[in-house]
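Observations on chain architecture
Listed below, chain by chain, are the residues.
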Amino acid sequence: MSTSRTPADPQRPLSVLVVDDDFRVAGLHADIVAETPGCAVAGTAGSAEEALRAVRRDGTRVDLALVDLYLPDRPGLELLRALPCDTFVLSAADEGHTVRTALAAGALAYLIKPFARETLAARLRGYVRYRQATDAETVGQDALDDALAALGGGGPAGRRSPTTAAHAVTRELVLGTVRDAAGPLSAGEVAAAVGVSRATAQRYLADMVAHGLLRMRLRYGAAGRPEQEYRVP
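The sections below set out a description of the structure shown in this document.

The rules behind each value
- Residues numbered from 1 in each chain as written.
- Predicted model: local features only at pLDDT ≥ 70, side-chain atom pairs only at ≥ 80, totals over all residues.
- Heavy atoms only, no water.
- Helix = DSSP H or I, 4+ residues; strand = E, 2+ residues; numbered from the N terminus.
- Contact = heavy atoms within 4.5 Å.
- Areas by Shrake-Rupley, 256 points an atom, 1.4 Å probe, with all protein chains shown as cover.
- Expected span 1.5 Å × (residues − 1).
- Buried < 20%, exposed > 50% of the residue type's maximum accessible area, 1.4 Å probe, protein only.
- Arc of directions from axis to C-beta.
- Polar contact = N/O pair within 3.5 Å; in protein donor to acceptor, adjacent residues only side chain to side chain.
- Pairing = 2+ DSSP bridges.
- Axes fitted to C-alpha atoms, helices over the stretch in contact; angles between N-to-C directions.

1. Quick notes on the overall build of the protein chain
- Counting its secondary structure elements, the protein chain contains nine helices and eight strands.
- Within the protein chain, residue pairs in contact and separated by at least 24 positions form 56% of the contacts whose partners lie at least 6 positions apart.
- Counting only carbon and sulfur atoms, one obtains 52% of the accessible surface of the protein chain, whose full area is about 11700 Å².

2. Looking at helix H1 (residues 23-35)
- Taking 1.5 Å of rise per residue, 13 residues should cover 18 Å, and H1 covers 18 Å from first to last C-alpha, within 8% of that figure.
- The set of residues buried in H1 consists of Ala26, His29, Ala30, Ile32 and Val33. Projected down its long axis, H1 shows its buried positions confined to an angular sector of 155°, all on one face. Looking at H1, the residues exposed on the side facing more than 90 degrees away from the buried face are Arg24, Ala34 and Glu35.
- Buried positions along H1 lie against strand S1 (14-19), strand S2 (39-45), strand S3 (64-67), strand S4 (86-91) and helix H5 (117-134).
- The opening residue of H1 is Asp22, an N-cap whose side-chain oxygen sits 3.0 Å from the backbone nitrogen of Arg24.

3. Let's talk about the sheet that holds S3
- Spatial strand order, S2-S1-S3-S4-S5: five strands in an open sheet with parallel pairing. If you trace the sheet from one side to the other, it starts and ends with S2 and strand S5 (109-112), each paired once. Averaged over neighbouring strand pairs, the angle between their axes works out to 20° when direction is ignored.
- Pairing analysis gives six bridges linking S1 to S2, with the strands arranged parallel. Each residue of the ladder has a partner; that of Val19, found in S2, is Ala45.
- Of the strands in this sheet, S1, S2, S3, S4 and S5 are in contact with H5, which crosses S4 at around 170°.

Right under this line is the structure:
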């Protein structure tokens, strides 16, 4: 999941990379980024490898990547997990499983093509507000609720945002994986099944143990430290 970003300099526009193999579409989206206050175009990439090179290039910092899922060299869902920045999905893929997987992989928004120009503009403005709130040293609950609502296009606080939905989807995937397993699972096994990092799976599993949804016990092997494993009560 895309969780390794660092706080932005408040004086610096947020840098946005556009990833789409259709150069005309990429240009249109880059124009929208350039017109959005608080955003700047980091560049465009026509493949996953180009996108990864862009975010790893010395002197280049990318805050947000707009990712099409249909890329020529590797699936866009894989790219979402590999990018060390926030992501939006902009794709014609409308299958429910694909949407859920993208959100579970960390996408902050999912826009199904074709969409209106203003739809992307509103989400970008919402992202600027989200970063302003979450880059603060501390975040109050009201500010956090407003920031999450802004990601949904500026709707009222309390409306379910893509980020909130992503957490809910991941939680259900983790719980369902343990519930449907033939026996107890470790955090690593859950992470592999769901498609998230081990640390992310561990956080969800620990929260479910705390709320009584799962039970944890230690799995002892022939050597080394015991491993935590999880099952339904």
